[in-house]
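Spelled out from the first residue to the last, the chains are:
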Number of protein chains: 2
Amino acid sequence: MDRMRIGELTERAGVTQRTVRYYESIGLLPSGEREGNGHHYYTEETVARLRKIDQLKKLGLSLEEIRDVIELYFTDPSGVQPKRKVLGLLRRHLADTDKKLEALGQFRADLQSHIERFERWLETNDRI
Amino acid sequence: MDRMRIGELTERAGVTQRTVRYYESIGLLPSGEREGNGHHYYTEETVARLRKIDQLKKLGLSLEEIRDVIELYFTDPSGVQPKRKVLGLLRRHLADTDKKLEALGQFRADLQSHIERFERWLETNDRI
DNA sequence: TACGAACATGACGTTAACGTTATATTCTAA
DNA sequence: TTAGAATATAACGTTAACGTCATGTTCGTA
């Protein structure tokens, strides 16, 4: 009972069929197995994958970048060399993420100080 | 001597002329004053503005979002109502930023834990 | 003053990440 | 079994943020 077609998949994952097919076409999503009739069938994992992709997108990762990391959420590369390779990738992503975090923190501080400036101004000048 | 033309502007700000003209066209950058000849002239502030825009872009803000906040870096809205309006905008941006920070922090933690997992694996299985 | 460099303007091109028909086939329920 | 819903595939459309000519005018200097 864990096999579903694209209709149920997209409803549960909150994306459109076009999105699923697009992801399949760029190799971001393994294209579901097909029956003799041509229809694709998906599983729970596909739903989870789509949700994870959505999360990563919200972090500002491009689909290409996501393709680099999505696998390690659902599979384990076997062998020392593949694991080393993925580890390198992950470390780069971590460094990038730290940079983003710092910049975003700075931006937050800027916003905060602007907000306080406006608040002070309004507090002293408002009650005319 | 603080008046420059687009060539110097773009060199100092690290953007192309196309970018400057595009920003002018969408109202993100005030289009430089023009002489009788048709040439635009810019100032130090334009350089600073372009750099600030670039910073904000790196935070994942769209040019439209940047247009909402860029002014308050370089001007002060006068009057209580305008200031209230900008304050509201700023608070929304602050809330958005906090959400992004949280998501990004979570992603960082995920990455970190994956990295550690791989490191442990390699440490115990590497020296065959 | 002449000529190459700089500038202005217009228009078509590009990439990412899908949206939106259009058409054909398959599934499902009455 | 047959109409309507779901699916597959192809192809053209869309938005953001510019890139890349093409053409014409202006600037600066030899």
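All values derive from a computational prediction rather than experimental measurement. (Residues numbered from 1 in each chain as written. Chains lettered and ligands numbered in written order. Predicted model: local features only at pLDDT ≥ 70, side-chain atom pairs only at ≥ 80, totals over all residues. Heavy atoms only, no water.)

What about the protein's contact with DNA strand D?
Where we set the bar: Being near a molecule or strand, for a residue, means having at least one of its heavy atoms within 4 Å of it. Polar contacts, as used here, are pairs of N or O atoms within 3.5 Å; protein pairs need one atom able to donate a hydrogen and one able to accept it. Residues neighboring in sequence count only if both atoms are side-chain atoms. Segments assigned H or I by DSSP are reported as helices when at least four residues long, segments assigned E as strands when at least two residues long, and all are numbered from the N terminus. Each residue is assigned to one of three groups, with Ala, Val, Leu, Ile, Met, Phe, Trp, Tyr, Cys and Pro labelled nonpolar, Asp, Glu, Lys and Arg labelled charged, and all others, Gly among them, labelled polar.
Neighbouring DNA strand D are 21 residues, the closest being Arg21, Arg34 and His40 of chain A together with Tyr23 and Asn37 of chain B. At a separation of 2.4 Å, a phosphate oxygen of DNA strand D approaches a polar side-chain atom of arginine 21 of chain A. With 4 residues, helix H2 (residues 17–25) of chain B is the single largest residue contributor to the surface near DNA strand D. Looking at the surface near DNA strand D residue by residue, the classes come out as 4 nonpolar, 10 polar and 7 charged.

Regarding the domain arrangement of chain A
Residue and element names in this part refer to chain A. The following threshold applies: Segmentation of the chain into domains, including their bounds, is taken from an automatic or database domain assignment. In what follows, residue pairs with any heavy atoms lying within 4.5 Å of each other are defined as contacts. By definition, the buried area sums, over both parts, the 1.4 Å-probe accessible area that each loses when the two are put together. In the sections that follow, a salt bridge refers to a side-chain nitrogen of Lys or Arg positioned within 4 Å of a carboxyl oxygen of Asp or Glu.
Assigned domains within chain A: domain 1 (1–75) and domain 2 (77–128). For domain 1 versus domain 2, the separation of C-alpha centres amounts to 28 Å. Residue-level contacts link 8 residues of domain 1 with 6 residues of domain 2. Here domain 1 meets domain 2 over a buried area of about 490 Å², counting both sides, of which 66% is carbon and sulfur. Looking only at domain 1, the three residues that lose the most surface to domain 2 are Asp68, Val69 and Leu72, adding up to 58% of its buried area. At the junction of domain 1 with domain 2, the criterion picks out 0 salt bridges. Remark: the boundary between domain 1 and domain 2 carries 1 residue pair in polar contact (both at pLDDT 80 or more). Here the residues of the side of domain 1 that touches domain 2 sort into 4 nonpolar, 2 polar and 2 charged.

Some thoughts on the interface of chain A and chain B
With 38 residues of chain A at the interface, the matching set in chain B holds 38 residues. Of the roughly 3900 Å² buried between chain A and chain B on both sides combined, carbon and sulfur atoms contribute 74%. Contact with chain B buries surface across chain A, with Leu104, Phe107 and Phe118 of chain A losing the most and accounting together for 17% of the total. If you look at where chain A meets chain B, you find 4 residue pairs in polar contact (both at pLDDT 80 or more). For the side of chain A that touches chain B, the secondary-structure elements that each account for two or more residues are helix H3 (44–58), helix H4 (63–74) and helix H5 (80–125) of chain A. Ranked by the residues each element gives to the side of chain A that touches chain B, the list is headed by H5 of chain A, at 28 residues.

As for the protein's contact with DNA strand C
Lining the immediate environment of DNA strand C, one finds 21 residues, of which Tyr23 and Asn37 of chain A together with Arg21, Arg34 and His40 of chain B sit closest. By atom count, sugar and phosphate contribute 75% of the portion of DNA strand C lying within 4 Å of the protein. With respect to DNA strand C, the side chain of asparagine 37 of chain A contributes an N or O atom lying 2.5 Å from a phosphate oxygen. Elements that contribute at least two residues to the surface near DNA strand C include exactly helix H2 (17–25) of chain A together with helix H1 (6–13) and H2 of chain B. Tallying contributions element by element places H2 of chain A first for the surface near DNA strand C, with 4 residues. Looking at the surface near DNA strand C, its residues break down into 4 nonpolar, 10 polar and 7 charged.

Thoughts on the relation of the copies chain A and chain B
Stated formally: To line up the copies, we fit them by least squares on C-alpha atoms, keeping just the residues with pLDDT of at least 70 in both.
Taken as rigid bodies, chain A and chain B are interconverted by a rotation of 180° and an axial shift of 0.0 Å, the fit giving an RMSD of 0.1 Å. The superposition of one copy onto the other is thereby described by a two-fold rotation axis. Take the interface residues of chain A: 100% of them recur as interface residues in chain B, which is what a same-surface contact looks like.

Structural notes on the pattern of salt bridges
All told, the structure shown has 16 salt bridges over all chains when counted by the stated rule. Note that lysine 58 of chain A and aspartate 54 of chain A form a salt bridge whose closest N and O atoms lie 3.7 Å from each other. In this pair, lysine 58 of chain A and aspartate 54 of chain A are both assigned in helix H3, 4 residues apart and thus about one turn of the helix distant. Of the charged contacts in the structure, one is a salt bridge between arginine 49 of chain B and glutamate 71 of chain B, with a shortest N-O distance of 2.6 Å.

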